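# An overview of the molecular structure
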Amino acid sequence: CVEPTEAVFDYYRRIDTGEGIDDDWPIQLKHPSKCNVKVTDDLYDEIQLFCTATFDDVVYVSHRIDKFGRCYVNGTTYSSDYNSTDRASVVKSVFVLSGTDEIHHYSGIIRFFFRIIIKHNDTTKQDLPPHMCLKT
């Protein structure tokens, strides 16, 4: 097991915030899609917790998402349960425990990909980079 470095933590922070992600990973969300979908309260709570922990000045997280069945990332297409024509991709997700240097890996099946809008204190809207909803 490789010991995590500051560069590893910075890399994952950049992925979470979307900083430079278009340069590193060309991403395209693909059909099937459904826009303006209301999320369940549990999923909304998780998304809101993630956004407020990742960004300092978030004042609003939309209750609606744009949902997608496939995602094209750097030459590879990943599928989800939402896409009825392909089997859902299995991915390894990486979690860094806050306050520690521990990195945990979990495998999961992709339920769907989504895009969401948040608002900052200065009233700017930000369309977050694509994220995925997993079931482990």
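On a predicted model such as this, the values are computed, not experimentally measured, just so you know. (Residues numbered from 1 in each chain as written. Predicted model: local features only at pLDDT ≥ 70, side-chain atom pairs only at ≥ 80, totals over all residues. Heavy atoms only, no water.)

## Notes on the overall build of the protein
The helix and strand inventory of the protein stands at three helices and nine strands. If you list the helices and strands of the protein from N to C, you get α-α-β-α-β-β-β-β-β-β-β-β. Out of the 136 residues belonging to the protein, those deemed buried represent 29%. Taking all contacts inside the protein whose residues are at least 6 apart in sequence as the whole, residues at least 24 apart take part in 59%. (Helix = DSSP H or I, 4+ residues; strand = E, 2+ residues; numbered from the N terminus. Buried < 20%, exposed > 50% of the residue type's maximum accessible area, 1.4 Å probe, protein only. Contact = heavy atoms within 4.5 Å.)

## Describing the nonpolar core
Soluble, globular proteins show a tendency: their nonpolar side chains are buried together. Counting residues in hydrophobic clusters, the biggest one holds 15 residues, and the most contacted among them are Ile47, Val61 and Ile65. Only α3 (41–54), β2 (58–61) and β6 (103–115) provide two or more residues apiece to this core. By size, the runner-up hydrophobic cluster in this structure holds seven residues, among which are Leu29, Phe68, Val91 and Ile110. (Core = buried A, V, L, I, M, F, W, Y, C linked by side-chain atoms within 4.5 Å.)

## Some thoughts on the packing of aromatic side chains
Throughout the structure, instances matching the rule amount to one aromatic pair. In this structure, Lys67 packs its charged tip against the face of Phe112, placed 4.7 Å from the ring centre. The cationic tip of Lys119 hangs over the ring face of Tyr60; the distance from NZ or CZ to the ring centre is 5.4 Å. (Phe/Tyr/Trp six-rings, centres within 6.5 Å; stacked < 30°, edge-to-face > 60°. Lys NZ or Arg CZ within 6 Å of the ring centre and 35° of its normal.)

## Thoughts on the pairing of strand β4 (residues 76–79)
Two elements, strand β3 (residues 64–73) and β4, share four bridges in a ladder whose sense is antiparallel. When the bridges of β4 are listed, Arg70 appears paired with Ser79. Hairpin connection of β3 to β4: two residues between the antiparallel strands, including Asn74 at a positive phi of 50 degrees. (Pairing = 2+ DSSP bridges.)

## Looking at the confidence of the model for the protein
Should pLDDT be low for a region, the predicted coordinates there are not to be read in detail. With 74% of its residues at a pLDDT of 70 or more, the protein has an overall mean of 78. Looking over the protein, one finds the lowest element-wise mean pLDDT in helix α2 (residues 21–24), namely 56, and the highest in β3, namely 88. (pLDDT = per-residue confidence, 0-100.)

## Some remarks on the pattern of salt bridges
Scanning the model with the defined rule gives one salt bridge in all. A salt bridge links Arg115 to Asp66, with the shortest nitrogen-to-oxygen separation between them at 3.6 Å. Within this pair, whereas Arg115 is found in strand β6, its partner Asp66 is found in strand β3, the two being separated by 49 residues in sequence. Here Arg115 falls in the partly exposed class, since its relative accessible area comes to 26%. (Salt bridge = Lys/Arg side-chain N within 4 Å of Asp/Glu carboxyl O.)

## With respect to the pairing of β6
Both β3 and β6 contribute to a ladder of three bridges, which runs antiparallel. The partner of Asp66 across the bridge, within β6, is Arg115. Counted between consecutive antiparallel strands, the loop separating strand β5 (residues 90–96) from β6 contains six residues, among which Gly99 sits at a positive phi close to 85 degrees.

## Considering unusual backbone geometry
Backbone torsion omega between His31 and Pro32 reads 5 degrees, so that peptide bond is classified as cis. Note on placement: Pro32 falls in strand β1 (residues 27–38). Its identity as a non-glycine residue notwithstanding, Asn36 has a phi of 60 degrees, on the positive side. Of note, Asn36 is situated in strand β1.

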